[in-house]
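# Working through the structure, step by step
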Amino acid sequence: RESSADKRKQQLRIAFCYLDDIKGKFREEFGKGGYPDVNQLSEGECARFNKTLGDRMKYVLNNDQILLANKNIEDIQDVMCENIEKVIERGEKVEALETQTRELEHESTAFRKKSNKLKTTMKWRDRRFAMVIGAIVLIIIVIIVIYFTTSGDDE
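The notes below deal with the structure included here.

Each value, and the rule that gives it
- Residues numbered from 1 in each chain as written.
- Predicted model: local features only at pLDDT ≥ 70, side-chain atom pairs only at ≥ 80, totals over all residues.
- Heavy atoms only, no water.
- Helix = DSSP H or I, 4+ residues; strand = E, 2+ residues; numbered from the N terminus.
- Rg over C-alpha atoms; globule rule 2.2 N^0.38 Å.
- Buried < 20%, exposed > 50% of the residue type's maximum accessible area, 1.4 Å probe, protein only.
- Contact = heavy atoms within 4.5 Å.
- Areas by Shrake-Rupley, 256 points an atom, 1.4 Å probe, with all protein chains shown as cover.
- Lys, Arg positive; Asp, Glu negative; His and termini not counted.
- Charge placed at Lys NZ, Arg CZ, Asp CG, Glu CD.
- Patch = residues over 30% accessible without salt bridge, like charges linked within 9 Å, V, L, I, M, F, W, Y side chains within 5 Å.
- Salt bridge = Lys/Arg side-chain N within 4 Å of Asp/Glu carboxyl O.
- Phe/Tyr/Trp six-rings, centres within 6.5 Å; stacked < 30°, edge-to-face > 60°.
- Expected span 1.5 Å × (residues − 1).

## Here we look at the overall build of the chain
Looking only at helices and strands, one finds 2 helices and 0 strands in the chain. Relative to the 2.2 N^0.38 estimate, which gives 15 Å for 155 residues, the radius of gyration of the chain is 51 Å and therefore markedly larger than a compact globule would have. With the C-alpha coordinates aligned to their principal axes, the bounding extent of the chain is approximately 165 × 25 × 20 Å. By the burial criterion, 10% of the 155 residues in the chain qualify as buried. Considering only intrachain contacts with a sequence separation of at least 6, the fraction spanning at least 24 residues in the chain is 62%. Put simply, the chain shows about 13500 Å² of open surface, and 61% of that area lies on carbon and sulfur atoms. The centroid of the 27 positive side-chain charges in the chain is displaced by 1 Å from the centroid of its 27 negative side-chain charges.

## Some words on a negative patch on the surface
On the surface, Glu74, Asp78, Glu82, Glu85, Glu89, Glu92, Glu95 and Glu98 cluster together into a patch of negative charge. Mapped onto the secondary structure, Glu95 falls in helix α2 (residues 43-153).

## Focus: the packing of aromatic side chains
Scanning the model with the defined rule gives 2 aromatic pairs in all. With 5.1 Å between their ring centres and 75° between their planes, Phe26 and Phe49 make a pair best called edge-to-face. On the criterion of sequence distance, the pair formed by Phe26 in helix α1 (residues 4-31) and Phe49 in helix α2 is long-range, its members being 23 residues apart. With respect to burial, Phe26 and Phe49 carry one shared label: buried. Measuring from ring centre to ring centre gives 5.5 Å for Tyr147 and Phe148, while their planes differ by 70°; the resulting arrangement is edge-to-face.

## Observations regarding the side chain of Asp21
By the secondary structure assignment, Asp21 is in helix α1. Residue classification places Asp21 among the buried positions, given a relative accessible area of 18%. The residues contacting Asp21, other than those within four sequence positions of it, are Arg56, Tyr59 and Val60.

## Concerning α1
Compared with an ideal rise of 1.5 Å per residue, which puts 28 residues at 40 Å, α1 spans 39 Å between its outermost C-alpha atoms and is within 8% of the ideal. Burial in α1 covers these residues: Gln10, Ile14, Tyr18, Asp21, Ile22, Phe26, Phe30 and Gly31. Lys32 sits one or two positions beyond α1 and adopts a positive phi of about 50°.

## Remarks on the pattern of salt bridges
One side chain can pair with another of opposite charge once the charged atoms of both are near each other. Evaluated as defined, the whole model comprises 3 salt bridges. Arg56 serves as the salt-bridge partner of Asp21, at 2.5 Å between the closest nitrogen and oxygen. Pair noted here: Asp21 is in helix α1 and Arg56 is in helix α2, with a separation of 35 residues, a long-range link. When the shortest N-O distance is used, the salt bridge between Asp55 and Lys51 registers 3.0 Å.

## Some words on a nonpolar patch on the surface
On the surface, a nonpolar cluster with roughly 610 Å² of combined accessible area is contributed by Val132, Ile136, Ile140, Ile144, Tyr147 and Phe148. In this fold, Ile136 is placed in helix α2.

## Some details on the environment of Ser108
Tracing the sequence through the fold places Ser108 in helix α2. Note on Ser108: relative accessible area 33%, which makes it partly exposed. Taking the C-alpha atoms as reference, Ser108 lies 92 Å from Glu45; in sequence the two are 63 residues apart.

This is the structure we're talking about:
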């Protein structure tokens, strides 16, 4: 995510922070209030300050790690905000699905009632049809019986 310009700014910030820090430490150890004459320093003093240079570099880098940790925390906060937004969107989708489910449940209940009514209607229609067919067959049988009984009387 970090651009090369941001990295460069961070590197420069660390470098200038380090230089400013060692300048102050150098003045504390050797300056006695002013700027010391570097040529008057002994090898032992230079070696001792060499250790100070290493310690101060670690100090500056470790303090920069704190800044990086803060940046990581900000990144994590951004991710968490995105996740919360996604959860909210998902919740809205769940609510829409619940609404659709209720609508489908009402529609299925209405469909079931209509289909039961249609089933009953069709059953009665079939029964009426069977009764009409039965009546027609009965009438035909009665006609045949009457025909044979009356034609048998003529003989």
